[in-house]
Each structure stands twice: as C-alpha cells, then as structure tokens.
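Coordinate inspection notes
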Number of protein chains: 2
Amino acid sequence: MVDFIPQPVVKRLPMYYRYLKKLESEGRMFVSSAALAEMAGLTASQVRQDMNILGGEGCQGRGYPVGDTCRHIAELMGITRRKTMMIVGMGNLGSALVHYSSFDEKSFETVAVFDSDPCKIGTKVGSQIVRSADGIESFLKAQKADIAVLTLPAASAQAMAEKLYGLGVRGFWNFAPVDLHLPGEAAVVNVHLDESLQLLSYRMAHPDMWGAAEKEE
Amino acid sequence: MVDFIPQPVVKRLPMYYRYLKKLESEGRMFVSSAALAEMAGLTASQVRQDMNILGGEGCQGRGYPVGDTCRHIAELMGITRRKTMMIVGMGNLGSALVHYSSFDEKSFETVAVFDSDPCKIGTKVGSQIVRSADGIESFLKAQKADIAVLTLPAASAQAMAEKLYGLGVRGFWNFAPVDLHLPGEAAVVNVHLDESLQLLSYRMAHPDMWGAAEKEE
C-alpha cells in the first residue's frame, strides 16, 4: 500500500489516468515508461519514478499493465466510488457545468442544483430543476451531497461554504474568485478562471521564463 | 528589473493581485507582510520573500504600498496591455465563457466566437454572433487574436491549435481534455475540469495527505 504521495505526483495522477484510459480503449495491454513519457511530455525516468511511488510494477521488457495501472490510479484517486454533487449558483458557468458531458458519470453525479434568483427557481437546466437556495438545509438533511460546486458570486461563497460544511459537505469545487477558509477536514479545489487567464498572460509576456515548467503544474 | 521569477511565485501573482486590488478598492495605502500573509494563507516570511523576488520594496513600519505593488504585479503579468480573445467551440462551456463577467474587460476582450455546427452559426451568444469555423483563416488574416480559447472536443483540439498557431495565435487557453503539443513560442494554460474534479476526489479520499499543500498550487 502507498503511504505518502508527493503533491507533484498527485497532480499528475489525472493525466496518467487519462492516457491509460485511452490506451485501454485502444486495446493495449502494456505500455512502456518511454511511451507513457512521450504522451505525457515527461522523461521516461520521471514516469518510472512516479510509478514506483504509486506502487506500480512494470514487467521486464513489456512495461506497465495498462488495465491494472489504470484501475490502481482510479482507486487511489477515489473515483471508483460514486460521488454526488450539488451545484450552487445557476449562472452561465453553473448551467454549463450541469451540461458538461465529459464528467465520468459513474464517478460524479449531479443530484441537485440551486439558485437564489426567483426567476431561475423552478426552471429546468439540463435534467435538473433549479431549486431555491433556501431549501439547501432541508435538502441536505434528507440527502447527502459529497461535493458542492460553488459557482456563485465571490461575496456569497465563504458564507455558503461554511453553511454547507456545517451540513456535512466535505468536498468543495470552488469557482468563485475567493480563497475559502474551512476546517481541515474539508477538501477544496479551486478553479479560478481569472487567475488562469492572468497566468496565460504572464507566460505570453515572458516566453523565456517558463518553458517546460508547465508540466510541473 | 526582475530577471527570473520561480514558477511557484509566478502562480501566486494572480492571488496577490486579487488581494491588492481588494485592498486598493477599500482605500488602503499600505499593507504589511503579516496582513497579506493572513489573507493569502501564507507565512509573513514567505510573503516577504516573494515580494523581494518581485522587486517590491516595503516601507519600514508601514508595509508595502498597495497601489504601486498592485500595478507592478499587473505589469509583470502583462495584463496592463489589452489582449484580444477568440473562442473556438460554442458548446455550453464556450457559451458560458462569452458571458463570464468577471474577466477584467480592460485586459481581455472577446472579439469573435466560432463553431462548426451549422445550427449554431449565425446565432447570438451574449454580444457575439457565432461565426463559422471555416472562416477562421480569413478572420485571422484580417484581424489579430492574441488568445484562442479552446472549448472544443478533445479530438479536434490539437489540429485546431496547430492551425491557429500557423495563423499567428500565440496564447492558448485550453479547456479540451488533451495536452497540446505546440512550438515553444506558444503559451498554453490548461483548464482540465475533469482532472480538477479527480484531484478533489483524491483529496477527499486522503485528507491527511495534502493539508497546507493546496497553497503550493
């Protein structure tokens, strides 16, 4: 069993998973560290080191078994167990996320969407009827949501996150442009679109300063 | 002038910028490293080290000048110069990005949006009329776009990126779940939503394994 995985390796897990899934769908049984490295833009020795940390064993002369490695990484990432999501904030971004089809539906299922705008409440977005944000407490007392997707204005995000945490939500996928302050038990991943665009601007302004460092993200 | 900024510091620039803008809008003239550290969830010594690398000078007993530091970071990030953006792929996500209001409009301006679906071409999304993807070449020969926002299917992303690069686009904000392979002159920032959600899943499964490391992103 794996004890500790350094953050840079953790951040490469989804990428390895994506390439391994692709190889699996193509019917490949084994993949060499060199082939995986080329797909991922890493060096073969970095791939071997990562796989070593993950506890994956290659077969001499054949490489890593695609299916087993893929499943092992899926288990490590905890995506073999289905998680329920609620989306709070049905603006353009929240609505787009309801429709977003590339989520692996076996892993992440949107079970409810909320807004506080009376004009939106009761309307249909994709397969979901928008519920009133006033009903969040009673919803979460009747049903569990593993993850809250926060696509609401910056000014309301912290208070909403605290409320949801108090009602048992432990995963926060935060699109609001604020840093959430929550107890250590909460897992937070931010998608700060503005900041991502500013980072792109920086890289365009300093093409010499980053180069291969992108891979370190 | 600043010669080299390490990647972890680069990645904190947008966050510093966000907090400094907020302080500026509140009329604050100076901010101490301790106050900035508390906002950002860092240590005061880390803030001082970052500011030192950025060439920012604090005033003894008063801290860093808010406005100057804010402008200095904006210049470093290259967001003082307006950039034009074209969005390729008018699905739910692409459409949401047209509307996305928290972009600083002085820095990033959407000038055209494209799709290849005949049912979408000619329709209005926000202030934009969806153009045919067939017209990208003639569009870019008449007008420059600094940044291409790629919100198109994974299978078409690489070919489209190469085409756009050939037509002079140098900034790529890539939402397609693929890693783009482009010449070194191209700046690419990925927003891989699936991977972000998988990372959240990992953190929920291993709450002990990450903790404060979030700040290192």
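For the structure given in this document, a descriptive report is provided here. (Residues numbered from 1 in each chain as written. Chains lettered and ligands numbered in written order. Predicted model: local features only at pLDDT ≥ 70, side-chain atom pairs only at ≥ 80, totals over all residues. Heavy atoms only, no water.)

Notes on the sheet that holds strand E5 (residues 124-125) of chain A
Sheet strands line up and pair through hydrogen bonds in the backbone, either parallel or antiparallel. Residue and element names in this part refer to chain A. To be explicit about the condition: Pairing between strands requires that DSSP locate at least two bridges from one strand to the other. Per the convention used, a helix needs a DSSP run of H or I reaching at least four residues, while a strand needs a run of E reaching at least two, with both numbered from the N terminus. Should any heavy atoms of two residues lie within 4.5 Å, those residues are considered in contact. All axes here are fitted lines through C-alpha atoms, helices being fitted over the stretch that makes contact, and every angle between N-to-C directions spans 0 to 180 degrees.
Pairing is mixed in the open sheet, where seven strands are placed in the order E5-E6-E4-E3-E7-E8-E9. Of all the strands in the sheet, the pair left with one neighbour each is E5 and strand E9 (187-190). Note that strand E3 (residues 83-88) and strand E7 (residues 147-150) share four bridges and pair parallel. The residue bridging Val 88 from the neighbouring strand is Leu 150, located in E7. Its contacts with the sheet place helix H7 (residues 154-166) against E3, E7 and strand E8 (171-174), and it is angled at close to 170° to E7.

Let's talk about the relation of the copies chain A and chain B
Put simply, the test is: C-alpha atoms of residues with pLDDT of at least 70 in both copies form the basis for the least-squares superposition of the copies.
Turning chain A through 180° and shifting it by 0.0 Å along the axis lays it on chain B, with an RMSD of 0.0 Å. Each copy turns onto its partner about a two-fold axis. The rotation axis passes nearest to the C-alpha of A:Ala96 in chain A, at a distance of 3.2 Å. Of the residues that chain A buries at the interface, 100% are likewise interface residues in chain B, meaning the two copies contact each other through the same surface.

Examining the pairing of strand E7 (residues 147-150) of chain B
Residues and elements named next belong to chain B. Test applied: For the exposure calls, accessible area comes from a 1.4 Å probe over protein chains only, and a residue counts as buried if that area is under 20% of its type's maximum, exposed if over 50%, partly exposed in between.
Of the two faces of E7, the one carrying Ile 147 and Val 149 and the one carrying Ala 148 and Leu 150 are both buried. Direction of pairing for E7 relative to strand E8 (residues 171-174): parallel, over a ladder of four bridges. Looking across to E8, one finds that Ala 148 is bridged to Phe 172.

Re the side chain of B:Asp146
Under the convention used in this document: Nitrogen and oxygen atoms within 3.5 Å of one another constitute a polar contact, given that in protein one can donate a hydrogen and the other can accept it, and given that sequence-neighbouring residues count only through two side-chain atoms.
Relative to the assigned elements, B:Asp146 resides in the loop between helix H6 (136-142) and E7. Here B:Lys144 takes part through its side chain, which lies 2.6 Å from a polar atom of the side chain of B:Asp146. Leave out the neighbours within four places in its chain, and B:Asp146 touches A:Met204, B:Arg81, B:Arg82, B:Lys83, B:Thr84, B:Val169, B:Arg170 and B:Gly171.

Brief notes about the packing of helix H1 (residues 7-25) of chain B against helix H3 (residues 44-53) of chain B
All names here are of chain B. We apply this condition: Throughout, the term roughly parallel applies to angles under 35 degrees, roughly antiparallel to angles over 145, roughly perpendicular to angles from 65 to 115, and oblique to all others. Under this grouping Gly is polar, as are all residues other than the nonpolar Ala, Val, Leu, Ile, Met, Phe, Trp, Tyr, Cys and Pro and the charged Asp, Glu, Lys and Arg.
Running from amino to carboxyl end, H1 crosses H3 at an angle of 100°, the nearest separation of the two axes being 11 Å. Between H1 and H3, the interaxial angle falls into the category roughly perpendicular. For the pair H1 and H3, the contacting residues are Val 9, Arg 12 and Tyr 16 in the first and Gln 46, Val 47, Asp 50, Met 51 and Ile 53 in the second. Considered class by class, the residues forming the contact of H1 with H3 number five nonpolar, one polar and two charged.

Some thoughts on the state of the cysteines
Rules: Any two cysteine sulfur atoms lying within 2.5 Å of each other are counted as a disulfide.
Counting across every chain of the model gives zero disulfides over all chains. There is no disulfide at B:Cys59, and the cysteine sulfur nearest it, in B:Cys70, is 16 Å away.

A closer look at the pattern of salt bridges
Rules: A side-chain nitrogen of Lys or Arg and a carboxyl oxygen of Asp or Glu constitute a salt bridge if their distance falls within 4 Å.
The final tally for this structure, using the stated rule, is 20 salt bridges over all chains. The partner of A:Glu26 in a salt bridge is A:Lys22, with the nearest N and O atoms 3.2 Å apart. By relative accessible area, which is 46% here, A:Glu26 ends up partly exposed. For B:Glu109, the salt bridge identified is with B:Arg82, shortest N-O distance 2.3 Å. Taken as a pair, B:Glu109 in strand E4 (residues 108-115) and B:Arg82 in the loop between helix H4 (66-77) and strand E3 (83-88) lie far apart in primary sequence, 27 residues in all. Judged by relative accessible area, B:Glu109 falls into the partly exposed class, the value being 32%. Beyond isolated ion pairs, a larger network of salt bridges with shared partners links A:Arg18, B:Asp179 and B:Glu195.

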